[in-house]
Each structure stands twice: as C-alpha cells, then as structure tokens.
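Notes for the structure review
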Amino acid sequence: MAASSNSSLSGSSVSSDAEEYQPPIWKSYLYQLQQEAPRPKRIICPREVENRPKYYGREFHGIISREQADEILAGIEGAYILRESQRQPGCYTLALRFGNQTLNYRLFYDGKHFVGEKRFESIHDLVTDGLITLYIETKASEYISKMTTNPIYEHIGYATLLREKVSRRLSRTKNESRKASVTSEENTPVEKITSLVRRAALTQNDNHFNYEKAHNFKVHTFRGPHWCEYCANFMWGLIAQGVRCSDCGLNVHKQCSKYVPNDCQPDLKRIKRVYCCDLTTLVKAHNTQRPMVVDSCIREIEARGLKSEGLYRVSGFTEHIEDVKMAFDRDGDKADISANIYPDINIIAGALKLYFRDLPIPVITYDTYSKFIEAAKISNPDERLEAIHEVLMLLPAAHYETLRYLMIHLKKVTLHEKENFMNAENLGIVFGPTLMRPPEDSTLATLNDMRYQKLIVQILIENEDVLF
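If you're wondering where the values come from, they're calculated on a predicted model, not measured in any experiment.

Glancing now at the overall build of the protein. Each helix and strand in the protein was counted, giving 19 helices and nine strands. Across the protein, contacts joining residues at least 24 apart in sequence account for 64% of those joining residues at least 6 apart. Working note: accessible area of the protein is about 23600 Å², and carbon and sulfur atoms make up 47% of it.

Structure representation (structure tokens):
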C-alpha cells in the first residue's frame, strides 16, 4: 500500500466503477509515529577492548557497570552500547537510552542478534526496531489497545458496491496470461483490491463452497510500509511486523488475528500441492465439495475395479502410487490416472489411501477422535448408532462431506463382496487407521484403539444411509 495514504478510513469514498477502484485509505497515525521515533546512535568505545566477541563492533565497551553505562549514554536519546555483565562474565547486555532513562536488555546471539522473539542480522537493526516499538507503545498504548474495536474487516460497504464488478474483474484476470502488472506482489492494482474484497466477492459466488475455514496465520516480515487488513492501522517495526495467512494472503497484526472470523478463502496460487494439504484448504482453493483426488480415484475405481479381488487390501507398487501422487500434485484434477497409464486398479486404490494417510488433520479429526472411540465402546447398537451420528455432526463440513462420499463408495464395494471378497469388516480393518489417528503419537494408544477404529468404519459403511 502507498505510504502516502494519510487520511483516516472514515473519510474514504468508494467509486461505483470497479475499473477505477482504489483501496480504502488506511489510518496513518502509527506510521507517522514510526517516522518520529528516535534513531539509533551507536556510541563507540574510545579504547580497544580485549576479548571482544567477533559478532560485536566497536559499540562494545567490555565489562562495565550499569552506572557507567548510564553515564556514557546520559542525555542522548536513542544512544546505545553493548557491555559484558560484571556479575555474570560471558553474558552480554544492550544498554539503550530511551525516555530519559537507560534501559538494559539481556542480549543473545545464535547467528542472529535477539533480546526477545525477533532475530536481527545486525545490532543496528535490533536497536532501530526496539526504538520504534518503545516509542509507539509509549505514545499510543491506549490507541493500540482499542485498535480491534472498530475494524474495517466487517465494514463491507465498499465491497458490497463492488462485489459483482470486482468478481468479474478477478475472473477475467484469472483467465488472462500472467502479466507482470498482475503478478507483482508489491505494485499490482489487483493485489491492492486486498483479500477483503476478494473474500466479499467469493462469498457472493453461489458456486463457491463456503465451508468454514480458519486462517493459517504465520509471522511475516513485510517489505515496505504495510497496513493491517483487519483494523486498517499501520504494522510498525522493521521485521515480523504482523502475520500473513499462508492460504489466502490476508495481512493483519498479530493481536488482530485473534478476532478475524473463520472465513479464509484460499487462493489457488498459494496452494503448492494436493497431498499433505489441509482438506478444507484444498477444497476451498479448488472450489469443490470434496478433494479432487477423492472424486477422481473413486470414479476410476467404480468404473473398472469394483470386482477386483482384495480391492483396497492388495497393495499396488509403491513406486507407481508415488507417481500418481506426483501427478495430482503437479496437474491437479487434470491428472491422468486412466487404465492406459495405470492398468492395475490397486495403484489407484493405494493412491487414495495414501491421500488420506498424508492429511495433516485426518478425515475423522483429532478433535473428534476420542468421542468416536467412546461411541464405539457403547454396547447397545441403537445407542451406539445415535452416539456416532452425534459425533459426525461435529466434523468440519468438508471432512463430513468427504467421509459421506467415501462411505457411499465403500458400500458399493461391499455389494460386490462375492467377487472382491471385501465386506464392511474387512474395509474397516483397512480404512480404520487410515481415516482416524489418535491426537498423541502413541503406539500403545493406536494398538489399543485399532479394534474400535475398525468398528467405527464398519458401522459407517453398513449404516451410511442412516448416519449421513
């Protein structure tokens, strides 16, 4: 976003023409404060210090007391030195002058310099970031505490006016060749529409499967000035200024990320693979009800493999299964898994099982695992069925839909038991540990639960018409 946007958001207006769309004007108060923050002033030691660590420069003053450091820095706002502790030789301290007092921080080095979570290439950058943070938190502590109370995230007035035109524009852009002006992360008009407007446009798309999905936030270092897409305030500091959603690209303050709704709309260009990708993330990115791997493999198996002896029990060649996995990762739903390429249907069945095993969160999620196991232990069949149905309702929508579709398919497999020798119990043995895993990585827990895992899948297959 342009650093010159100096008005408050409340004063912004929205053009009714999507082609002339300008992003909302961000609140610049914190940006102005960062510009006013004291600049670092390195105080060089006038003498040569013996045993100076090689990763420190001439700002290192050796073993001196806090009082001596205070005298050296007195009256120079932003001034700093490094010293070795008198009480703990081998331990180092950053002495920094701010607010007419000397602040002392225990200093560490592990290839980068740090006093807290953030790690810096140089002491100068560490001090610069520290002064910015101290200055902003001193001058605007009350303002910062209230930033999340009036977010722009829920104010979709501008998005409401634009959603149809923006949606068409995004669709048109997607189909165009990737021009530099479109793909540039820093300067593109399309990127400047922000994920907020993209979210609003997608929400209005009836063909988009709006499964609820939490954002996948990770600490991020932004190059150049960046503003929070939740509260519209500047994200201050030199590094790790905020967090970015790895799936949709939403940029927010770390404190604001706690308030963002579970409405992530993953961007396909950010999803690098199909296997090992979160199930809900994948289906939302590809705008499908279920993972395309599941649809493609089941379609292929039902077309030519339902009568195959030992279906899902007999293993295909591991090498060929890996080939199928790479084909999906590379080509998505365009992957060719036909009989011309893979005549052995066990390869396709193996690729489907591998997809479920590779999920970071199993189809039957960690959150519901223990509830399913407890339900399986109920002796009364009717009560057990009711309990399983209640737990099914707790699954995320995309997981529920995937499980429902798989159980319908496995029921079809059992209808050919005379040819394939795979009944619901046999399929439960195969798919139990594939679809559900205990939250804790415990071999003992897995062994103890195996019969209940098998039973759950067996019951789901036999009663799919009642349970789903």
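Before going further, it helps to spend a moment on the environment of Ile64. Locating Ile64 in the fold gives a position in the loop between strand 2 (60-63) and helix 2 (66-73). Dropping the residues within four chain positions of it, Ile64 is found in contact with Arg47, Ala69, Ile72, Ile81, Arg83, Glu84 and Gln86.

Once that is clear, we can look at the nonpolar core. Of all hydrophobic cores here, the largest spans 69 residues; its most connected members are Tyr312, Phe356 and Phe431. The greatest single-element share of this core, amounting to nine residues, is contributed by helix 12 (residues 345-358). With residues near it in sequence (within four places) discarded, Tyr312 still touches Ile301, Ala349, Leu352, Lys353, His409, Leu410, Val413, Leu427, Val430 and Phe431.

As a further point, take the sheet that holds strand 8 (residues 242-245). With antiparallel pairing, the three strands of this open sheet are ordered in space as 7-8-9. A strand with exactly one partner marks an edge of an open sheet, and here the two such strands are strand 7 (217-220) and strand 9 (251-252). Inspection of the sheet shows strand 7 paired to strand 8 by four bridges, in the antiparallel sense. Across the sheet, Phe217 pairs through a bridge with Cys245, a residue of strand 8.

Between two packed helices, what matters for the description is the angle formed by their axes and the separation of those axes. At a minimum axis separation of 11 Å, helix 14 (residues 381-392) and helix 18 (residues 443-462) run at an interaxial angle of 90 degrees. In this view, helix 14 runs roughly perpendicular relative to helix 18, as classed from their interaxial angle. Contacts between helix 14 and helix 18 involve Arg384, Leu385, Ile388 and Leu392 from the former and Leu455, Ile456, Ile459 and Leu460 from the latter. Considered class by class, the residues forming the contact of helix 14 with helix 18 number seven nonpolar, no polar and one charged.

On to the pattern of salt bridges. Between side chains of opposite charge, a pair can form as their charged atoms come close. The final tally for this structure, using the stated rule, is 19 salt bridges. Salt bridges sharing partners connect three or more residues here, namely Arg290, Asp295, Glu401 and Arg404.

Turning our attention to the pairing of strand 2. Bridging between strand 2 and strand 3 (residues 79-84) involves two bridges; their strand directions are parallel. When the bridges of strand 3 are listed, Phe60 appears paired with Leu82. Handedness of the crossover joining strand 2 and strand 3 through helix 2: right-handed.

Let us now look at helix 12. The end-to-end C-alpha distance of helix 12, which contains 14 residues, comes to 20 Å, matching closely the 20 Å that a straight helix rising 1.5 Å per residue would cover. Burial analysis of helix 12 places 12 of its 14 residues in the buried class, which makes it a mostly covered element. All of the buried residues in helix 12 are Ile345, Asn346, Ile347, Ile348, Ala349, Gly350, Ala351, Leu352, Lys353, Leu354, Tyr355 and Phe356. For helix 12, the elements touching its buried residues are helix 9 (279-286), helix 10 (292-304), helix 11 (318-331), helix 15 (397-414) and helix 17 (424-435). Its side-chain oxygen placed 3.0 Å from the backbone nitrogen of Asn346, Asp344 serves as the N-cap of helix 12.

Calculation criteria
- Residues numbered from 1 in each chain as written.
- Predicted model: local features only at pLDDT ≥ 70, side-chain atom pairs only at ≥ 80, totals over all residues.
- Heavy atoms only, no water.
- Helix = DSSP H or I, 4+ residues; strand = E, 2+ residues; numbered from the N terminus.
- Contact = heavy atoms within 4.5 Å.
- Areas by Shrake-Rupley, 256 points an atom, 1.4 Å probe, with all protein chains shown as cover.
- Core = buried A, V, L, I, M, F, W, Y, C linked by side-chain atoms within 4.5 Å.
- Buried < 20%, exposed > 50% of the residue type's maximum accessible area, 1.4 Å probe, protein only.
- Pairing = 2+ DSSP bridges.
- Axes fitted to C-alpha atoms, helices over the stretch in contact; angles between N-to-C directions.
- Parallel < 35°, antiparallel > 145°, perpendicular 65-115°, else oblique.
- Nonpolar A, V, L, I, M, F, W, Y, C, P; charged D, E, K, R; others polar.
- Salt bridge = Lys/Arg side-chain N within 4 Å of Asp/Glu carboxyl O.
- Right-handed = clockwise from strand over helix to strand, strands pointing away.
- Expected span 1.5 Å × (residues − 1).
- Polar contact = N/O pair within 3.5 Å; in protein donor to acceptor, adjacent residues only side chain to side chain.

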